[in-house]
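Listed here are the chains, written in short residue letters.
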Amino acid sequence: MSEMFDPARWRPAPFLPESEARDGSLIFVVAVLCFLACLTALGVLAADRAARGWTNQLTGEATVIIRPQGGETPDAAAARAAEVLAGVAGVAEARALEREKAYDLLRPWLGDVADFEDLPVPRLVAVTLDRGSQLTGPALARPLKAQGIDAVVDDHSVWIKDIRRSAGVVRWAGMGVFLLIAGAAAAVVAFATRAGLAARRDVVEVLHLSGAEHGFIARLFQLRFARIAAMGGFAGAAAAAAVGAAMRVAGGGDGLTPALPLAWSDLAAVLPCPLIAAGVAAAAARITAGGLIQEMQ
């Protein structure tokens, strides 16, 4: 005798199955996009840290080029300039650089010149400012001019502006890449939502006849694809964190290169990735599903 039907044990098939064969491909695509987004974020953080480090170094320093006058030797003029600058309020240290150091600065530009001694190489004075000092180039040049010293003061303001401008470009470029990746993820989820609704068009019509509201049906797709995107986001973030950790270790504790220092704390930037991916996917699925359901009426 066949087993009798038990209504208490019967469960209807869900409108959206727990998993589909296409889920793996969608998770992989979202994971790759999140991986690229996280790597971009780590690169922006490293570039920003490098820019701030260079800016801090240049802000507290100045270089003075001394041109001797009359019968004064270059070394004597540089020593006199260093003595004058050392007495200026806000200057922590003023040191005349040796002649060999000036030659070393010129060699990358002039190459291996045999007789550096015959070149009229000016002497340099390295100035270190007190922390928080607001001294500028003209402020340092005034006491030198008062003592009859012909000098050009470089307070590195031009370099600082260039570094800050470059850092701003990197930040905006990173934001642009992030928005492109978010748009690509939303497009992928929208395509998957459209395909899922098309495959269940008859079921959607039956639900409409049964009195189901648009929001109820759209919410089913919203929750489903948010969960899938969160899984892909977690995988992509974990892979990016692993790559960032490998770069940190391979760089000897400074990152991939000393020019792009990466801190362990920067790896925390990948933590919001699953939530952001889920949010983008939920919004894309909700909007797409709502529009298609309206068209099906």
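See above for the structure.
This write-up is about the structure you can find in this document. (Residues numbered from 1 in each chain as written. Predicted model: local features only at pLDDT ≥ 70, side-chain atom pairs only at ≥ 80, totals over all residues. Heavy atoms only, no water.)

The tally for this structure, following the rule as stated, stands at 6 salt bridges. With a closest N to O distance of 3.0 Å, Arg52 and Asp48 form a salt bridge. Of this pair, Arg52 and Asp48 both sit in helix 1 (residues 23–59), 4 residues apart, which is roughly one turn of the helix. The exposure class assigned to Arg52 is partly exposed, which follows from its relative accessible area of 43%. When its relative accessible area of 17% is taken as the criterion, Asp48 is described as buried. Taking the shortest distance from any N to any O, the salt bridge between Asp266 and Arg49 comes out at 2.5 Å. Residue Asp266 is found in the loop between helix 7 (214–250) and helix 8 (273–296), and its partner Arg49 is found in helix 1; the two are separated by 217 residues along the sequence. (Salt bridge = Lys/Arg side-chain N within 4 Å of Asp/Glu carboxyl O. Helix = DSSP H or I, 4+ residues; strand = E, 2+ residues; numbered from the N terminus. Buried < 20%, exposed > 50% of the residue type's maximum accessible area, 1.4 Å probe, protein only.)

We now examine the state of the cysteines. Taken as a whole and assessed by the stated rule, the structure comprises 0 disulfides. With no disulfide partner, Cys34 has as its closest neighbouring cysteine sulfur the one in Cys273, 3.6 Å distant. Free cysteine Cys38: the closest other cysteine sulfur is in Cys273, separated by 3.7 Å. (Disulfide = S-S within 2.5 Å.)

When its relative accessible area of 6% is taken as the criterion, Asp266 is described as buried. The residues contacting Asp266, other than those within four sequence positions of it, are Leu42, Leu45, Arg49 and Pro261. (Contact = heavy atoms within 4.5 Å.)

Paired through backbone hydrogen bonds, the strands of a sheet run either parallel or antiparallel to each other. Reading across from one edge, 2-3-1-4 is the order of the 4 strands in this open sheet, with antiparallel pairing throughout. The sheet is open, and its two edges are formed by strand 2 (91–96) and strand 4 (150–154), each paired on a single side. Strand-to-strand, the axes of this sheet are offset by a mean angle of 20°, without reference to chain direction. Taken together, the 5 bridges between strand 1 (residues 61–67) and strand 4 define a ladder with antiparallel strand orientation. Counterpart to Val64 in the pairing with strand 4 is Val153. Its contacts with the sheet place helix 4 (residues 137–146) against strand 1, strand 2 and strand 4, and it is angled at close to 165° to strand 4. (Pairing = 2+ DSSP bridges. Axes fitted to C-alpha atoms, helices over the stretch in contact; angles between N-to-C directions.)

This brings us to the packing of helix 1 against helix 7. Relative placement of two packed helices is described by the angle separating their axes and the distance separating the axes. Running from N to C, helix 1 and helix 7 point in directions that differ by 45°, and their axes come no closer than 7 Å. As the angle between them shows, helix 1 and helix 7 are arranged oblique. Considering how the two elements wind past one another, helix 1 and helix 7 form a crossing that is right-handed. (Parallel < 35°, antiparallel > 145°, perpendicular 65-115°, else oblique. Left-handed = near helix turned anticlockwise from the far one by under 90°.)

One finds Leu197 and Phe225 to be the most contacted residues of the largest nonpolar core, which totals 27 residues. Among the secondary structure elements, those contributing two or more residues to this core are helix 1, helix 5 (157–199), helix 7 and helix 8. Residues Ala94, Val125, Leu129 and Leu144 belong to the second largest nonpolar core, which totals 19 residues. (Core = buried A, V, L, I, M, F, W, Y, C linked by side-chain atoms within 4.5 Å.)

Moving on, we come to a nonpolar patch on the surface. Among the surface-exposed residues, Trp172, Met175, Phe178, Leu179 and Ile276 lie close enough to one another that they form a single nonpolar patch of about 550 Å² accessible area. With 4 residues, helix 5 is the single largest residue contributor to the nonpolar patch. You can see Phe178 is positioned in helix 5. (Patch = residues over 30% accessible without salt bridge, like charges linked within 9 Å, V, L, I, M, F, W, Y side chains within 5 Å. Areas by Shrake-Rupley, 256 points an atom, 1.4 Å probe, with all protein chains shown as cover.)

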